[in-house]
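Coordinate inspection notes
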Amino acid sequence: MNEETIEQQLYDDEAETFRNQLATVTAEGKRKWVYPKKPSGRFHKARIVVSAILLLILLLTPLLKINGHPFMLFDFLNRKFILFGILFGPHDFHLLVIAMISLVVFVVLFTAVFGRIFCGWACPQTIFLEMVFRKIEYWIEGNSKDQRKLKSAPWSAIKFFKKFTKHIIFFAIAFLISNIFLSYIIGIDELLKIITDPPSEHLQGLFAITVFSGIFYFVFSNFREQACTIVCPYGRLQGVLLDRDSIVIAYDNVRGEPRRRFKKDEGWENRGDCIECYQCVEVCPTGIDIRNGIQLECVNCTACIDACDDIMDKIKRPKGLIRYASINSMEKKTKWKFTPRAIGYSALLTVLVTILVILLLNRTDFSVTILRTAGLLYQDQPNNMVSNLYDLNMVNKTFNEIPVTLKLENLEGELKLIGKDIVMEPQGNIDSKFLILLPKSELSKMSSPIDIGIYNGDKLIKKVSTSFLAPMKKKSD
Ligand code: SF4
Ligand code: SF4
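So, here's what we can say about the structure.

So, how was this worked out
- Residues numbered from 1 in each chain as written.
- Chains lettered and ligands numbered in written order.
- Predicted model: local features only at pLDDT ≥ 70, side-chain atom pairs only at ≥ 80, totals over all residues.
- Heavy atoms only, no water.
- Helix = DSSP H or I, 4+ residues; strand = E, 2+ residues; numbered from the N terminus.
- Rg over C-alpha atoms; globule rule 2.2 N^0.38 Å.
- Buried < 20%, exposed > 50% of the residue type's maximum accessible area, 1.4 Å probe, protein only.
- Contact = heavy atoms within 4.5 Å.
- Areas by Shrake-Rupley, 256 points an atom, 1.4 Å probe, with all protein chains shown as cover.
- Lys, Arg positive; Asp, Glu negative; His and termini not counted.
- Charge placed at Lys NZ, Arg CZ, Asp CG, Glu CD.
- Phe/Tyr/Trp six-rings, centres within 6.5 Å; stacked < 30°, edge-to-face > 60°.
- Pairing = 2+ DSSP bridges.
- Axes fitted to C-alpha atoms, helices over the stretch in contact; angles between N-to-C directions.
- Near = heavy atom within 4 Å.
- Nonpolar A, V, L, I, M, F, W, Y, C, P; charged D, E, K, R; others polar.
- Expected span 1.5 Å × (residues − 1).
- Arc of directions from axis to C-beta.
- Parallel < 35°, antiparallel > 145°, perpendicular 65-115°, else oblique.
- Left-handed = near helix turned anticlockwise from the far one by under 90°.
- Core = buried A, V, L, I, M, F, W, Y, C linked by side-chain atoms within 4.5 Å.

**Examining the overall build of the protein chain**
Within the protein chain one finds 16 helices and 16 strands. For 477 residues, the compact-globule formula gives about 23 Å, and the C-alpha radius of gyration of the protein chain, at 33 Å, lies well above that figure. Considering only C-alpha atoms, the protein chain reaches an extent of 120 × 60 × 40 Å along its principal axes. Within the protein chain, buried positions represent 41% of all 477 residues. Sequence separation of 24 or more characterises 68% of the internal contacts of the protein chain that already satisfy a separation of 6 or more. In the structure as shown, the protein chain presents an accessible area of about 27,600 Å², 63% of it carried by carbon and sulfur atoms. Separation between the mean location of the 60 positive side-chain charges and that of the 50 negative ones in the protein chain comes to 3 Å.

This is how it looks when you write it as structure tokens:
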């Protein structure tokens, strides 16, 4: 083999094995702990502001109430959901299905166009890890070099104090996070009861909070970036969602290569702008080198953009060697365009959202079904009357208990409820039966349309049309 072939073979081997291994796992399968350098720069500052706003929204939303009811509630156990103050229940399952499909299409479209921008700017995992837990770690243990030193140092009073303080604070924050999430599930009032009542009265609730706190503590103190690479389904889907027109955080290899160390007084001819300073690698919280291309582990945290921009400033080259861009826009120098794939997803999303909006606008507080009881036509009654038996089903989608009465609207006759008066429980579903009696003299046809009004006091809440069956009139009658 000549030298060129050997070099090619080595390159091929490297290319073959490059993706066989996660950046944070050794060849033996052991975890490689990442000590990212403290990030700083314009993107990091912007992310701090966005994260603070999102954390504030997350913290304050459970406290918001509309007419005494939570603004948002996701009570999975009782299948009760409140979104923006509107109560949704099992009867709104069709809305949930359309909303979920729309969300999936939105995520696919958003990712096809903007890549993993959500991961870097809005994902709770990234926000908590990078903006809360990591910041505390830097504050207690120092920057990456100090953290490495502390790790390899023998146990001492100072090391014990730092580690102990860090983990106590981590657990306290994990406990707070689990309480916040629990308040979205059981409501803030129920949570306050658990906190203020004697522990023996809420053993189940306390057990749930402790388990959740333990999980959050483990994720943020130990599991960290592994959650994004190993567990998160959205992260795993990136490979099929992204294409060469998606906007991602990318290294401009056209401009950066051939890379090599910067020597004083060297010109910029015959070399790329990358000076092999490894600052982009040192700040990466997932331990990757962005110069190897788009990678599964990249959570689009922007730290490498800031680090490289800082270097570019220092060596007086234009910023943006690492930037938000599509691969096509960098390699072919084309402007970003809306691809046929994105147009298709957008059209589908528009249709789904339109259907959802129409259904939401037409959603009423009550749903009422009245059907003539199956298998029965009519019944002859004394005094030349005829009756029909009806089945009634009513769903109350409001927060209030509502007593209702039924009235015959368009004909003179009698409506008799079978059983007790109807009182609809909040979010309740009620079944009942009633008879309608009409004089035969009023009925000229075999089937007559009738309207039944459902009233709460004097207020008509729903009007339902159905039919009334009667015997055919004989010609002599
Ligand atoms: S920070 Fe920029 S210049 Fe330094 S290694 Fe990374 S890409 Fe190259
Ligand atoms: S490659 Fe850059 S954007 Fe991606 S995770 Fe690492 S530092 Fe963040």
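**Structural notes on the packing of aromatic side chains**
Inspection of the entire model under this criterion finds 17 aromatic pairs. Both rings, one in Phe106 and one in Phe110, keep their centres 5.5 Å apart while their planes meet at 35°; by these two values the pair is tilted. Linking Phe106 with Phe110, this pair stays in helix α3 (residues 93–114), spanning four residues, or about one helical turn. Residue Phe106 is classed as partly exposed on the basis of its relative accessible area, which comes to 40%. Ring centres of Phe216 and Phe220 lie 6.4 Å apart, and the angle between their planes is 15°; on these two criteria the pair is classed as stacked.

**Topic: the sheet that holds strand β5 (residues 86–88)**
Strands in a sheet are paired, the pairing made by backbone hydrogen bonds, and the direction either parallel or antiparallel. Reading across the sheet, the three strands line up as β3-β4-β5 and stay open at both edges, with antiparallel pairing between neighbours. Two strands close off the open sheet at either side, each with one partner strand: β3 (72–75) and β5. Strand-to-strand, the axes of this sheet are offset by a mean angle of 25°, without reference to chain direction. Note that β3 and strand β4 (residues 80–83) share four bridges and pair antiparallel. By the bridge assignment for β4, Met72 is matched with Leu83.

**As for the site of ligand 2**
Neighbouring residues of ligand 2: 13 residues in total, closest Cys284, Cys298, Val299, Cys301 and Cys304. Here the residues of the shell around ligand 2 sort into 10 nonpolar, three polar and no charged.

**Quick notes on helix α9 (residues 203–223)**
Between its terminal C-alpha atoms α9 stretches 28 Å, which fits the 30 Å expected from 21 residues at 1.5 Å a residue. Where α9 is concerned, the buried positions are Gly205, Ile209, Ser213, Phe216, Val219, Phe220 and Ser221. Mapping the buried residues of α9 onto a view down its axis gives an arc of 165°, with all of them on the same face. Turned more than 90 degrees off the buried face of α9, the exposed positions are Leu203, Gln204 and Phe207. For α9, the secondary structure elements touched by its buried residues are α5 (124–141), α7 (157–186) and α8 (188–196). Arg224 occupies a position one or two residues after α9 and carries a positive phi of about 45°.

**Digging into the sheet that holds strand β16 (residues 459–469)**
Read across the open sheet, the four strands follow the order β13-β11-β15-β16; overall the sheet is antiparallel. Looking at the sheet topology across the chains shown, the edges are occupied by β13 (422–424) and β16. For this sheet, the mean angle separating the axes of adjacent strands, direction not counted, is 30°.

**Observations concerning the site of ligand 1**
Taken together, Tyr251, Cys274, Ile275, Glu276, Cys277, Tyr278, Cys280, Arg291, Cys308, Met312, Leu321 and Ile322 form the complete shell of residues around ligand 1. Looking at the shell around ligand 1 residue by residue, the class counts come to 10 nonpolar, no polar and two charged.

**What about α3?**
At 3.6 residues per turn, the α-helix brings residues three or four places apart onto the same side. Helix length check: α3 (22 residues) gives 31 Å between terminal C-alpha atoms against 32 Å at 1.5 Å per residue, within 8%. Buried-residue contacts for α3 involve β5, α11 (233–241) and α16 (340–361). In the stretch just after α3, Gly115 is the one whose phi turns positive, near 60°.

**Some remarks on the packing of α7 against α8**
Where α7 meets α8, the closest approach of the two axes is 7 Å, and the angle between their N-to-C directions is 125°. By the angle between their directions, the pair α7 and α8 is classed as oblique. Of α8, the residues touching α7 (which contributes Asn179, Leu182, Ser183 and Ile186) are Ile188, Glu190, Leu191, Ile194 and Ile195. Taken together, the residues of the contact of α7 with α8 break down into six nonpolar, two polar and one charged.

**Here we look at the packing of α5 against α7**
Closest axis-to-axis distance for the α5/α7 pair is 10 Å, and the angle between their directions is 160°. Relative to α7, the element α5 lies roughly antiparallel. The element α5 and its partner α7 pack so that their crossing is right-handed. Contacts between α5 and α7 involve Phe128, Val132, Phe133, Ile136, Glu137, Trp139, Ile140 and Glu141 from the former and Lys162, Lys163, Thr165, Lys166, Ile169, Phe170, Ile173, Ala174, Ile177 and Phe181 from the latter.

**What about the nonpolar core?**
One recurring pattern in soluble globular proteins: nonpolar side chains tend to sit buried together. Among the nonpolar cores identified, the biggest contains 24 residues, and Ile370, Ile436, Ile454 and Phe468 are the most heavily contacted of them. Contributions of two or more residues to this core are made by β8 (366–372), β10 (385–396), β11 (402–408), β13, β14 (429–439), β15 (447–456) and β16. Once you skip the residues sitting within four places of it in the chain, Ile454 turns out to touch Val368, Ile370, Met394, Val404, Thr405, Leu406, Lys459, Leu460, Ile461, Lys462 and Val464. Grouped together as the second largest cluster of nonpolar side chains are 20 residues, Tyr251, Cys308, Met312 and Ile322 included.

Nothing here speaks to function; it is all geometry.
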